[in-house]
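Each chain, written out:
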Amino acid sequence: MTNINILPDNENVYNEHNGSDVLTVNAMPSKTWHWLSVNEARIKWDSNSEEKYADELIVISENNKEEIWIDDITTQNEYNSKKVKIEAKENSEVTIVSNHDIKNNLRAFMDINLSKNAKVKLVQLLSSADKALYNEVKVSCDEKSSFELVQAFMGKKQGDTGYSGKIYSNVIVNLDKDNSEFKYDMGYLGQGDNLLDYNLVVNHFGKNTNCEINVNGALKDKSQKTFRGTIDFKKGSSGSVGAENETVLMLGDDVVNKTVPVILCSEEEVSGTHGASIGELDEETLFYFESRGIDKEKAENIMARASVERLVGLIENANEKEIIEKTLQEVLGDD
Amino acid sequence: MEEKTYVEDIDRSIYDIKDVEDDDFRMEEGLTPDIIKKLSEEKDDPEWMREFRLESLKIYNELEVPDWGPSIEGLDMNHIATYVRPKSNMENTWENVPQDIKDTFERLGIPQAERKSLAGVGAQYDSELVYHNVKDEVAEQGVVYTDMESAMKGEYADMVKEYFMKLVPPRDHKFAALHGAVWSGGSFVYVPKNTELSIPLQSYFRLNAKGAGQFEHTLIIVDEGASLHFIEGCSAPKYNVANLHAGCVELYVKKNAKLRYSTIENWSKNMYNLNTKRAIVEEGGSVEWVSGSFGSHVGYLYPMSVLKGDNSRMEFTGVTFAGNGQNLDTGAKVVHIGKNTSSYMNTRSISKSGGISTFRSSVVVKKSATGTKSAVSCESLMLDSDSRSDTIPAMDIRTKDADVGHEAKIGSISDDAVFYLMSRGMSEEDARALIVSGFADNVSKELPLEYALEMNNLIRLEMKGSIG
Amino acid sequence: MDNKLLEIKDLYVNVGEKEILKGVNLSVGSNETHVLMGPNGTGKSTLGYAICGNPKYEITGGDIIFDGESIKDMAVNERAKKGIFLSFQNPLEVPGVTLSAFIRSSLEQKTGQRMKLWDFKKKLKETMSLLSMDESYAERDLNVGFSGGEKKKAEILQLLMLEPKLAILDETDSGLDVDAVRTVSNGIKIFKERCEGSLLIITHSTKILEALTVDKTHIMHEGVIVKEGDASLVDEINESGFEDLNN
């Protein structure tokens, strides 16, 4: 009887980072077995470089309707840490678009407060050729407010080091008060050595709160992805509904996918569902494509593109739509 | 609408009857090398086992208590008696078993079941087996079913040495190390090549001694082309101090062999159940776990299947019912290594009267495991808002040639369903009990009839007084 | 060599362990319209899938000759490129891929070159209007949220855009209201006129055939063709049903 290694192969990506210059991020609220290396992510972060903050406060006054474009996360790099605080006052409605196209390692924080009846839609394009981005979004929702988040990640080629960007995304949404709601749509395309590490926590505190989560992505080459999605029904959140769905299209021979769909529940009158589907293009879809003359490789390319392109329909901003289309074109060489 | 009332501690009738403690030997409490040496001496271990125990104790002291599951702070190892020998040798007829112990197993229905529907029975009382017997026709097929101690010293000594704690090494986790140090009792089963057992074998574990631990080791080898159904039952009366169960089950399923392992766990609610179960499946083999978890104060239980051979498969069907004062963390693990392997997990959790149930799982698909198919489906039922139900699954997929699905659902009993049943003349209590039994029928369907009845009785018992 | 576009010779097909087709013989000439009828569960759709090359349908005997060449070992997409088109009974929903992008990709695979966007859009727009399809469907995700009728129209739209040599329509008319059947039927007629293609229509009703001239009718029962005739056989079946097939 020889010893069998029952641990996942090459489990070193997360564990290689130890010591003082390491940031621990994306911690799950409920831990599981350590050998799975999913409880948190550790980022190698140069602690010698000085923290240079850029802070910003945006207030949307009562009953106002606005559209805000935050583009200096892209262009200026005099800081390595950016904090934006957004206050959406009662009955306000705002769409915030931000394009994180980083040239250096960056930590970006966004704190969003929604007052009664406020509606906030945040669209984030996270993109990196070979640098690490930690992107945090923390949201609290008052009565009848509604928060919508659309996030896209597409790898970027840049010289020989292209497609080695690392994205750490941490989204924490507190549905604090009754009848607040949250909708999340995320799409990604991992390739090369991309490392995508997502953590999502939705805390249902208020009664009749609602969340809907859709995550779609494709992994090519050697890319690695972790998605931890937690829906937490706190005591008192009766009448709440939470649904989460993840689809991962596995295209590369060396890809790694980790999925941890968690539901925590301390309330009787709630309904929570989770679904995940991981694998190659399913036979039925493939057959439909092939019956129209489209071969497997092409069909996979189309579906990989679709996982991000799906988001275009959720975005009103023409500029942002164009960026997605343009990047997809660069990355997949289509159209 | 009437207020809901809760009955804190239900009468668990037969399971709770305590025998007067009248042991032959009770090890002093605590864990030291001296105690381990003494235990080894009492058990007359071979030399390698004595060393294995001491090494395991060392590992135990090195490893941390898990920080991700239910709290085990109430468990003080310095106050657990690791070895309690009953005043009985192992017998192969019930007549020779001391009257009070025999009565206990009679109440639990073991001799009756043996006569009716089992191929063999092992009965453990505290740390040692008091009864072991297989039907002649089964023994004639070459099937070996004996206690671990005899196996370790007898004809199968080499086999035991080759397989013992190789699948669950003491380093695996703190309580595996504890088991390695203080294990005692349990069963050894060997089913020869191409031998099919049509009726099950059963081991029953009863922990009567207050403040003691039970650490039985079950080692089953189902050789090529053979098949076996093994049933495990366990219970204990309730005491106001902590008892500990840290058993270990190692299952070796060879090429094209089949093993079904069924458990109805009904430990008393002062029990810390930190059990480890694992199977390794060779080419074309299959392991099926059927698991009902009803008892214990705290439970950590996740049978693991290592699908090593090509075309091997596993199925896990489980139900967990956590009532007042219970924190049951249960689930399953699978590792796909061979090609075209498949796994299927289907579980139900029920939480009631402040009980906490957690479904925890892991699906690991290694790069070598092309053609893997895996599906996990878990459903949880919350019976009130004092309870808690968590679902913590994880998937780690490293080949694109895999088809992995996961489905989870959490909710409460639908008022419409209760109303419908009541409109047909059923009381609310019966209606809710019926719905819960129906919810758990994924497991009861898989059990032999008598055990399914026992399980439904347990559910009815747990549901009693849930409304008033 | 006679004018046979499709020739099915003694075809045996299994789905899993089960044998569905048990020696089917059937041929379709160029620019001909054939109707395939028969009771439910008799193997009609299986024949469609086998011709198209669905890997779940295993050919255990016989052969399929298309355009003078055996296609039975050819990949699905290669068959499509050769000019075989199957209109699905339940077209698949594909989120994230627009109807227009899907058709354009298919065309590109067939012709080997990408059609100019302007030309493509123009042709797509024209064809959609022939089918009374709202233009907005072009930019909607393929079949996602389409009604039963719209899905079938989207299939016919693909038929007209891809211009295959042989179209197999698998109950394209089922579950449609009168207007939708008329539109679909009209679309099929345009296909005949525009592409001079052949048709194998699997159907239960005559409505879809009204605008067409049927050349031949085949009746399938329990995995074999039991009866063949001209257009009048369709009416005959509609009057007396399939009951006397067992004789």
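To be clear, the structure that these remarks concern was listed above.
Residues numbered from 1 in each chain as written. Chains lettered and ligands numbered in written order. Predicted model: local features only at pLDDT ≥ 70, side-chain atom pairs only at ≥ 80, totals over all residues.

Engineer: Help me out: how do you make sense of the packing of helix α3 (residues 99-111) of chain C against helix α5 (residues 148-162) of chain C in this one?
Structural biologist: Residue and element names in this part refer to chain C. Packing of α3 against α5 leaves a shortest axis separation of 10 Å and a crossing angle of 30 degrees. By the angle between their directions, the pair α3 and α5 is classed as roughly parallel. α5 is crossed by α3, and the crossing has right-handed handedness. Across the interface between the two elements, Leu99, Ile103, Ser106, Leu107 and Lys110 from α3 touch Ala154, Gln158, Met161 and Leu162 from α5. Looking at the contact of α3 with α5 residue by residue, the classes come out as six nonpolar, two polar and one charged. (Axes fitted to C-alpha atoms, helices over the stretch in contact; angles between N-to-C directions. Helix = DSSP H or I, 4+ residues; strand = E, 2+ residues; numbered from the N terminus. Parallel < 35°, antiparallel > 145°, perpendicular 65-115°, else oblique. Left-handed = near helix turned anticlockwise from the far one by under 90°. Contact = placed C-beta atoms within 7 Å. Nonpolar A, V, L, I, M, F, W, Y, C, P; charged D, E, K, R; others polar.)

Engineer: Before we go on, may I ask you to explain the environment of Lys18 of chain B in this structure?
Structural biologist: Residues and elements named next belong to chain B. Inspection of the secondary structure puts Lys18 in the segment before β1 (25-26). Exposure remark for Lys18: the 14 C-beta atoms within 10 Å place this residue in the partly exposed category. When the C-alpha positions of Lys18 and Ser385 are compared, they lie 34 Å apart, and in sequence the two are 367 residues distant. Not counting residues within four places of it along the chain, the set of residues in contact with Lys18 comprises Asn208 and Pro237. (Buried ≥ 20, exposed ≤ 12 C-beta atoms within 10 Å, placed from the backbone.)

Engineer: Sorry if this is basic, but what is going on with the interface of chain B and chain A here?
Structural biologist: Many descriptions give the size of an interface as the accessible area lost when the pieces come together. Of the residues lining the interface, 41 residues belong to chain B; the matching set on chain A comes to 41 residues. Of all the elements, strand β25 (residues 402-412) of chain B adds the most residues to the side of chain B that touches chain A, at eleven residues. Of the residues belonging to the side of chain B that touches chain A, the class tally is 16 nonpolar, eight polar and 17 charged. Of the pairings in the sheet, the one linking strand β17 (residues 256-265) of chain A to strand β24 (residues 388-397) of chain B comprises six bridges and is antiparallel in character. Along β24 of chain B, the bridge assignment pairs Asn257 of chain A with Ile397 of chain B. (Pairing = 2+ DSSP bridges.)

Engineer: Even after reading the chapter, I still don't get the interface of chain A and chain C, so can you show me in this structure?
Structural biologist: Counting residues at the interface gives 16 residues for chain A, matched by 19 residues for chain C. Taken together, the elements giving at least two residues each to the side of chain A that touches chain C come down to α2 (283-290) and α3 (296-309) of chain A. Of the residues in the side of chain A that touches chain C, the class split is five nonpolar, four polar and seven charged.

Engineer: Sorry, what's going on with helix α3 (residues 99-107) of chain B here?
Structural biologist: For an α-helix, the turn length of 3.6 residues means that residues three or four places apart are oriented alike. Residue and element names in this part refer to chain B. Within the span of α3, buried status applies to Ile101, Lys102, Thr104 and Phe105. End-on, the buried residues of α3 take up no more than an arc of 155 degrees, which puts them together on one face. Of the surrounding secondary structure, the elements contacted by the buried residues of α3 are α4 (110-117), β3 (120-125), β4 (128-134) and β7 (201-206). Downstream of α3 by one or two residues, Gly109 has phi in the positive range, about 80 degrees. (Arc of directions from axis to C-beta.)

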